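Examining the three-dimensional arrangement
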Amino acid sequence: MCGIIGYTGYSDARGILLKGLKSLEYRGYDSAGISVYHPDFKECLTVKCEGRVERLEKKTSDVKGNTGIGHTRWATHGGVSDANSHPHKFGNVTVVHNGIIENYETIKNTLNVADKLKSQTDSEIAAALIDRCFNGEAEDAIISAVKKLSGTYALAIMFDSIPDTVFAVRNVSPIVCCQNENGVYIASDITAIGEYSEDYFVLPEFTVARITKDGFDIKDFSGNTVDVEMLRLDWDIKSNGKCGYPFYMEKEIMEQPRVIEKTILSRISDSMPDFSGDKVDDAIFERCKSISVIACGTAMHAGLIGKQLIESVCALPVSVHMASEYMYSNPIIDKDTLVICVSQSGETIDTLEALKYARQKGADTLSIVNVRGSSIARESDNVIYTDAGPEIAVASTKAYTTQVAVFYLITAKIAYLKQTLNYEGVSNFISELNKVPAAVENVLERRADIHRLSKSMLTAEHAFMIGRGIDYPALLEASLKLKEISYIHSEAFASGELKHGTIALITGGIPVIALVTQQYLVSKQISNIREVQSRGADVITFVRKSLKSDDMQNYFELPELDDEFMLIPAVVSLQLLAYYVSSDKGLDVDKPRNLAKVVTVE
C-alpha cells in the first residue's frame with residue numbers, strides 16, 4: 001500500500017522525491033514525508049505531515065540537497081498523524097518502510113527505547129534497531145538488524161555519518177532501481193521512476209544495496225556481490241498521464257479495446273492459442289487434472305469467469321479461492337493440480353503467500369500478472385503477462401478485462417490439448433474472441449447513453465444486480481466497481497436466488513441492474529426482471545441486442561457476440577455506469593476512500 005522513493009545524484013532531490021510521491025499516490029495513503037541529506041548541517045533533515053503530497057510540497061520549499069528518501073504512508077501501526085508519518089529518524093539512522101514488522105513490540109522492549117520513540121509505528125523500531133547495531137559499517141548494521149525482524153519489509157535507509165548514500169533492503173515488499181546520467185533512483189513501484197530510464201532491476205530479497213550518485217553495489221547477507229537481472233519497461237511512460245481525461249479511470253476504460261487486442265493477438269498463431277512467447281509449456285495444461293485459481297477482489301472475479309469458461313468448454317474441474325483464506329482452509333492440492341494466481345500488481349501479499357504454499361505442496365503454478373519482475377512473477381513456475389500497461393486508478397478496469405482475455409486463451413489451449421474441441425472448434429473460438437475488442441469499442445462509442453441511464457442512480461443508497469449463468473460473476477465485478485467508487489451499497493445476486501430470501505430487500509424505487517446476455521437463459525432472466533419490477537424496483541437492463549424484449553423500458557443495448565464472449569463488453573458498460581455515478585456525485589473517482597491500489601500487508 002505505502003510508497004517509497006529514493007534518489008542520490010547531481011540534481012535537486014526534493015523535486016525528484018515529490019514528483020515520485022505524486023506518482024505513487026494511486027497506491028493509497030494518508031500522510032507523506034521526505035528526508036534530504038543537508039551538506040551544511042551534515043545530517044538528514046525530515047519534513048512530514050498527514051494529508052496529501054501537495055501539503056508536504058508547501059512545507060518543503062526550503063529543503064536543499066542531492067540525496068534523499070520519501071514515503072507515502074497508509075496507517076497500520078498508529079493512527080494518522082504527523083508523528084506517525086514517515087520517514088522516521090532514530091539517532092544516526094533515517095528510514096522509510098513498507099510492510100509490517102510483526103515482532104516490533106518485542107524488539108522495542110529488548111532495546112529499552114520506549115521513552116525515546118516519537119511515534120507509535122513499527123517502522124521507527126526498525127530505525128532504532130539499525131542505529132543500535134551500527135558501529136561504522138552500514139551493511140553490517142542493516143544485516144544484523146533485519147535478521148532480527150519478523151514480517152515483511154522494504155527499507156530505504158540513510159545514515160547521517162555516510163553522506164550522499166542511500167541503502168536498501170527488502171523481504172517480500174518490492175524495491176526497484178534504475179540509473180541515468182543524473183544519478184540513481186529507487187522506488188516501490190516502477191511507475192515512480194520509469195521516466196528516468198527504460199532499464200531497471202528489482203532488488204533481490206535479502207540483499208543490501210549501497211546506492212551512490214555514480215551507481216550501486218549489491219551484496220547478499222554473506223558479503224558476496226550479487227548480479228541483478230535488468231528488465232525493460234514494456235510501456236511508454238509518457239502515456240502515463242490522463243491524456244485530457246478528468247480521471248485516470250475514464251482513460252483506462254477507454255484504452256480497453258487496444259490493450260485487450262494486444263493481449264490476445266500476441267498469443268495467437270495460425271488461429272490457435274500460443275504461449276510459446278511466454279515460455280509456458282503445454283505440459284502444465286496436459287498433465288493437470290484440476291485447476292485452483294487464487295486471487296483477491298477484482299482478480300478473483302476474473303478467476304470466476306475463468307472457472308465458468310474452463311469447466312463448460314474443457315470439462316475440467318476448477319475451484320476459485322480467496323487468497324486471504326486459501327492457506328487456512330486446508331485446500332485440496334497436489335502434483336496434479338495447476339494453480340493459477342491472478343494479480344494486477346504481482347505484489348498482492350495474500351496471493352503471494354498462497355502461491356508459495358501451493359508450490360510447497362508440489363503443484364504446478366502459473367501466474368497472470370501485469371508487472372514484469374514482480375514478486376508473484378518471480379515466485380511462479382510460469383507467467384503470462386497481460387498487456388494492460390500501467391493502471392493508476394484504484395478501481396481496476398483494463399487489468400481485469402485483460403486477465404479475462406488470458407483466461408479465454410487458456411480455455412482454448414486446454415480444450416485443444418484435452419480434445420474437448422478439435423482444431424476447427426478452437427479456431428472458431430479464437431475467431432469469436434478476436435471480435436471482442438471491436439465489441440468493446442462499440443460500447444465506448446455509445447457511452448453517452450450509459451451516462452444518461454446513470455443519472456437515475458445518483459441519490460440511491462442501495463442497488464442490486466441480477467443475472468444468470470456467466471452474467472452472475474460478471475455482475476460481481478460490476479457491483480464491486482459501483483460500491484468502491486460511488487459508495488452506494490451494491491450487491492450482485494444470481495437471479496434464481498431471488499425467491500430464496502433476496503427479494504425481501506426489493507422495495508419501491510430501489511435501483512436494480514439486470515444483465516441479459518445468455519440466449520439459453522433469457523426467458524428465465526426476463527421472468528426475474530418482472531418479479532422485481534412488480535415490487536416497484538427501478539430496473540436498468542443491459543441486454544444483448546438480439547435478446548431485447550418490448551417491455552424493457554430503461555436499457556442499454558449490448559453488441560452481438562456468442563454467449564460466452566458477451567461478458568467483456570457487458571462489464572465495460574457497467575464500469576462506465578459506475579464511473580458516471582461517481583463522477584457526477586463529485587467524488588474522487590481515482591482515489592476512493594479507505595482503499596489502496598496495491599495491498600502489500602496481510
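Up top is the structure.
Below is a summary of the structure that appears in this document. This one's a predicted model, so the numbers in the text were calculated from it and none came from an experiment.

What counts, and at which threshold
- Residues numbered from 1 in each chain as written.
- Predicted model: local features only at pLDDT ≥ 70, side-chain atom pairs only at ≥ 80, totals over all residues.
- Heavy atoms only, no water.
- Helix = DSSP H or I, 4+ residues; strand = E, 2+ residues; numbered from the N terminus.
- Rg over C-alpha atoms; globule rule 2.2 N^0.38 Å.
- Buried < 20%, exposed > 50% of the residue type's maximum accessible area, 1.4 Å probe, protein only.
- Contact = heavy atoms within 4.5 Å.
- Disulfide = S-S within 2.5 Å.
- Pairing = 2+ DSSP bridges.
- Axes fitted to C-alpha atoms, helices over the stretch in contact; angles between N-to-C directions.
- Parallel < 35°, antiparallel > 145°, perpendicular 65-115°, else oblique.
- Nonpolar A, V, L, I, M, F, W, Y, C, P; charged D, E, K, R; others polar.
- Core = buried A, V, L, I, M, F, W, Y, C linked by side-chain atoms within 4.5 Å.
- Salt bridge = Lys/Arg side-chain N within 4 Å of Asp/Glu carboxyl O.
- Phe/Tyr/Trp six-rings, centres within 6.5 Å; stacked < 30°, edge-to-face > 60°.
- Lys NZ or Arg CZ within 6 Å of the ring centre and 35° of its normal.
- Expected span 1.5 Å × (residues − 1).

Moving on, we come to the overall build of the protein. Broken down by element type, the protein carries 19 helices and 26 strands. In summary, the protein has a C-alpha radius of gyration of 25 Å against a globular reference of 25 Å for 602 residues, a match within 12%. Dimensions of the protein, computed from C-alpha atoms along their principal axes, come out at roughly 80 × 55 × 45 Å. Per-residue burial for the protein yields a buried fraction of 60% across its 602 residues. Taking the contacts inside the protein whose residues are at least 6 apart along the sequence as the reference set, 73% of them involve residues at least 24 apart.

Summed over the entire model, instances satisfying the criterion amount to 0 disulfides. Of all cysteine sulfurs, the one in Cys-178 lies closest to Cys-177, which takes part in no disulfide; the gap is 6.5 Å. Using a relative accessible area of 3% as the deciding quantity, one classes Cys-177 as buried. Given a relative accessible area of 2%, Cys-178 falls into the buried group.

Relative to the assigned elements, Leu-231 resides in strand β14 (residues 230–232). Look at Leu-231 and you get buried, because its relative accessible area is 16%. Sequence separation of Leu-231 and Thr-420 is 189 residues, and the distance between their C-alpha atoms is 39 Å.

It is worth spelling out the sheet that holds strand β24 (residues 511–516) at this point. A sheet is described by the order of its strands in space; here 5 strands give the open sequence β23-β22-β24-β25-β26, paired in parallel fashion. One side of each edge strand has no neighbouring strand; the edge strands of this open sheet are β23 (489–494) and β26 (554–558). Pairs of neighbouring strands in the sheet enclose a mean axial angle of 15°, with direction left out of account. Relative to β24, strand β22 (residues 462–467) is paired through 3 bridges, and the arrangement is parallel.

Let us look at the pairing of strand β13 (residues 215–220). With 6 bridges connecting them, strand β12 (residues 207–212) and β13 associate as antiparallel partners. Residue pairing for β13: Thr-212 is matched across the bridge by Gly-215.

Pairs of packed helices are described in terms of their axes, by the angle between the two and the distance that separates them. Where helix α13 (residues 398–417) meets helix α14 (residues 423–433), the closest approach of the two axes is 9 Å, and the angle between their N-to-C directions is 175°. With respect to their mutual orientation, α13 and α14 come out roughly antiparallel. Counting all contacts with α13, which are made through Tyr-408, Leu-409, Thr-411, Ala-412 and Tyr-416, the residues of α14 involved are Tyr-423, Val-426, Phe-429, Ile-430 and Leu-433. The class makeup of the residues in the contact of α13 with α14 is 9 nonpolar, 1 polar and no charged.

Below, the discussion takes up the sheet that holds β13. Read across the sheet, 6 strands follow the order β5-β6-β7-β8-β12-β13 without closing on themselves; strand pairing throughout is antiparallel. In this open sheet, the two strands that pair with only one neighbour each are β5 (88–90) and β13. Averaged over all adjacent pairs, the angle separating strand axes in this sheet is 25°, with direction ignored. In this fold helix α4 (residues 122–133) packs onto β5, β6 (93–101) and β7 (151–159), with an angle of close to 130° to the strand it touches most, β6.

This part covers the nonpolar core. In this structure, Ile-291, Ile-340, Ile-410 and Phe-542 are the most contacted members of the largest nonpolar core, which totals 92 residues. If one sorts the elements of this core by residue count, helix α19 (residues 567–584) sits on top with 12 residues. Those residues in contact with Ile-291 that lie beyond four places of it in its chain are Ile-310, Leu-316, Pro-317, Val-318, Ser-319, Leu-338, Ile-340 and Ile-414. Of all hydrophobic cores here, the second largest spans 30 residues; its members include Tyr-104, Leu-129, Ala-145 and Phe-167.

What follows concerns the pattern of salt bridges. Taken as a whole, this structure holds 32 salt bridges when the rule is applied. Residue Arg-287 is joined to Asp-364 by a salt bridge in which the shortest nitrogen-to-oxygen separation is 2.6 Å. Here Asp-364 lies in strand β20 (residues 364–369) and Arg-287 lies in helix α8 (residues 283–287), a separation of 77 residues in the sequence. Classification of Arg-287 by relative accessible area gives partly exposed; the value is 42%. What makes Asp-364 buried here is its relative accessible area of 15%.

Now for the packing of aromatic side chains. Inspection of the entire model under this criterion finds 15 aromatic pairs. With 5.9 Å between their ring centres and 35° between their planes, Phe-464 and Phe-493 make a pair best called tilted. Separated by 29 residues along the polypeptide, Phe-464 in strand β22 and Phe-493 in strand β23 bring together distant segments of the chain. Classification of Phe-464 as buried rests on a relative accessible area of 4%. Grouping aromatic residues by their ring pairs yields a cluster made of Tyr-7, Tyr-185 and Tyr-196. Sitting over the face of the ring of Tyr-487, Arg-593 holds its NZ or CZ atom 3.8 Å from the ring centroid.

Further remarks concern the pairing of strand β17 (residues 290–295). Where burial is concerned, most of β17 is hidden: 5 out of the 6 residues are buried. Taken together, the 5 bridges between β17 and strand β19 (residues 337–343) define a ladder with parallel strand orientation. Its bridge partner lying in β19, Ile-291 is registered against Leu-338. Two strands pair when backbone bridges link them, and β17 and strand β18 (residues 318–322) are joined in this way by 5 bridges, in the parallel orientation. Across the sheet, residue Val-293 finds its bridge partner in β18, namely Val-320.

With 20 residues, α13 should reach 28 Å at 1.5 Å per residue; the first-to-last C-alpha distance of 29 Å fits that figure. The buried fraction of α13 amounts to 18 of the 20 residues, a majority that puts the element mostly inside the structure. In the stretch just after α13, Gln-419 is the one whose phi turns positive, near 65°.

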